[in-house]
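# A look at the structure
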Amino acid sequence: MRKIKGVFFVNVSDIMTKNPESAQVTDSIMNIASMMRDIDVGFMPILDGNILIGVVTDRDIVIRAVADGMDIENTSVGEIMSSDLHVVSPDTDLDEAAHIMEEFKIRRLPVVDQDGLLVGILSLGDIAVRSQNIEEAGEVLEQVSEPSRPEMAA
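An account of the accompanying structure is given in this report. (Residues numbered from 1 in each chain as written. Predicted model: local features only at pLDDT ≥ 70, side-chain atom pairs only at ≥ 80, totals over all residues. Heavy atoms only, no water.)

## Quick notes on a nonpolar patch on the surface
Quick note on the threshold: Patch rule: a residue counts if its relative accessible area is over 30% and it has no salt bridge; like charges are joined within 9 Å, and nonpolar side chains (Val, Leu, Ile, Met, Phe, Trp, Tyr) within 5 Å. For the accessible areas, the method is Shrake-Rupley and the probe is 1.4 Å, while residue cover comes only from the protein chains on display. Salt bridge, as used here, is a side-chain nitrogen of Lys or Arg placed within 4 Å of a carboxyl oxygen of Asp or Glu. Strands here mean DSSP runs of E at least two residues long; helices mean DSSP runs of H or I at least four residues long; both are numbered from the N terminus. Per-residue accessibility, obtained with a 1.4 Å probe over protein chains only, is compared with the maximum for each type, and a residue is labelled buried under 20%, exposed over 50%, and partly exposed between these values.
Together, Val62, Ile63 and Val66 line one region of the surface with nonpolar side chains, adding up to about 250 Å² of accessible area. The residue Val62 is located in helix H3 (residues 58-66) in this model. On the basis of relative accessible area, Val62 is assigned to the partly exposed category, the value being 46%.

## Topic: H3
We apply this condition: This arc corresponds to the set of directions leading from the helix axis out to the C-beta atoms. Only heavy atoms matter for contacts: two residues are in contact if any of them lie within 4.5 Å across the pair.
Every buried residue belonging to H3 is among Asp60, Ile61 and Ala65, and all of these are buried. Around the axis of H3, the buried residues are gathered within 100° of arc, so they sit on the same side. Buried positions along H3 lie against helix H2 (29-39) and strand S6 (51-57).

## As for the nonpolar core
What counts here: The term nonpolar core refers to a set of buried residues drawn from Ala, Val, Leu, Ile, Met, Phe, Trp, Tyr and Cys, joined through side-chain atoms within 4.5 Å.
Core analysis: the biggest nonpolar cluster contains 15 residues, and Val12, Val88, Leu109 and Leu122 have the highest contact counts within it. Among the elements of the structure, helix H1 (12-15), helix H4 (94-104), strand S7 (108-112) and helix H5 (124-130) are those that each provide at least two residues to this core. In terms of residue count, the dominant contributor to this core is H4 (four residues). In this structure Leu122 touches Val12, Ile15, Met16, Leu94, Ala97, Met101, Arg107, Arg108, Leu109, Val111 and Ile127, once residues within four positions along its chain are discounted. Listed in part, the 13 residues of the second largest apolar core include Ile32, Met36, Val56 and Val77.

## Remarks on the pairing of S7
Defined as follows: Criterion used throughout: strands pair if DSSP finds at least two bridges between them.
Across the five residues of S7, four count as buried, placing the element largely inside the fold. Summarising the sheet, S7 and strand S8 (residues 118-123) pair through five bridges and their orientation is antiparallel. From the neighbouring strand, Val111 faces S8, where its bridge partner is Gly120. Counted between consecutive antiparallel strands, the loop separating S7 from S8 contains five residues, among which Gly116 sits at a positive phi close to 85°.

## Quick notes on the sheet that holds strand S4 (residues 23-24)
Ordered by their spatial adjacency, three strands build an open sheet running S4-S5-S6, and the pairing between neighbours is mixed. The sheet terminates laterally at S4 and S6, the two strands that pair on one side only. Where strand S5 (residues 43-48) and S6 come together, six bridges link them in antiparallel fashion. Residue pairing across strands places Pro45 opposite Val55, the latter belonging to S6.

## Some points on the packing of H2 against H3
This is how it is decided: Lines fitted to C-alpha atoms define the axes here, with helix axes fitted over just the stretch in contact, and angles between the N-to-C directions of these axes take values from 0 to 180 degrees. For this classification, under 35 degrees means roughly parallel, over 145 means roughly antiparallel, 65 to 115 means roughly perpendicular, and everything else is oblique. Crossing handedness is defined as follows: a turn of the near helix away from the far one that is anticlockwise and smaller than a right angle gives a left-handed crossing, while the clockwise case is right-handed.
Two elements in contact, H2 and H3, have axes whose closest approach is 10 Å; the angle formed by their N-to-C orientations is 150°. Taken together, H2 and H3 sit at an angle that is classed as roughly antiparallel. When the axes of H2 and H3 are compared, the crossing they make is left-handed. Residues Ile29, Ile32, Ala33 and Met36 of H2 form the contact with H3, whose own contacting residues are Asp58, Ile61 and Ala65.

Okay, structure coming up:
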């Protein structure tokens, strides 16, 4: 956090969860689900070596694997992960990160360094608990949580 002319500026690195658990793209869906249960998380960054290439949520596991009858013991998480990622760097301004979360309705935002290495996760919870601006935290939560509505035919 830095102060310029009496105004506090918060970077993502000031409030993100550092050194998050992650899994490899070759790990089975079952192994990922067990890891998520054991560490009590609903979101897992997926790496290829050390580089972030995707994410998977507990909902992804249920909707994309279990509901479709996939063999979760023998299918890699790479088959169901989301790879169209929005990421930020540790020095991204919190307002900018919050805007990305609002615009794309993202509850968790991976934080990567200049080499694409995962260094943290910024979650709605981080913003709500650690942000200096409670009003902003509420606005982000409201925007991200707003359900999308199907388009109506004209």
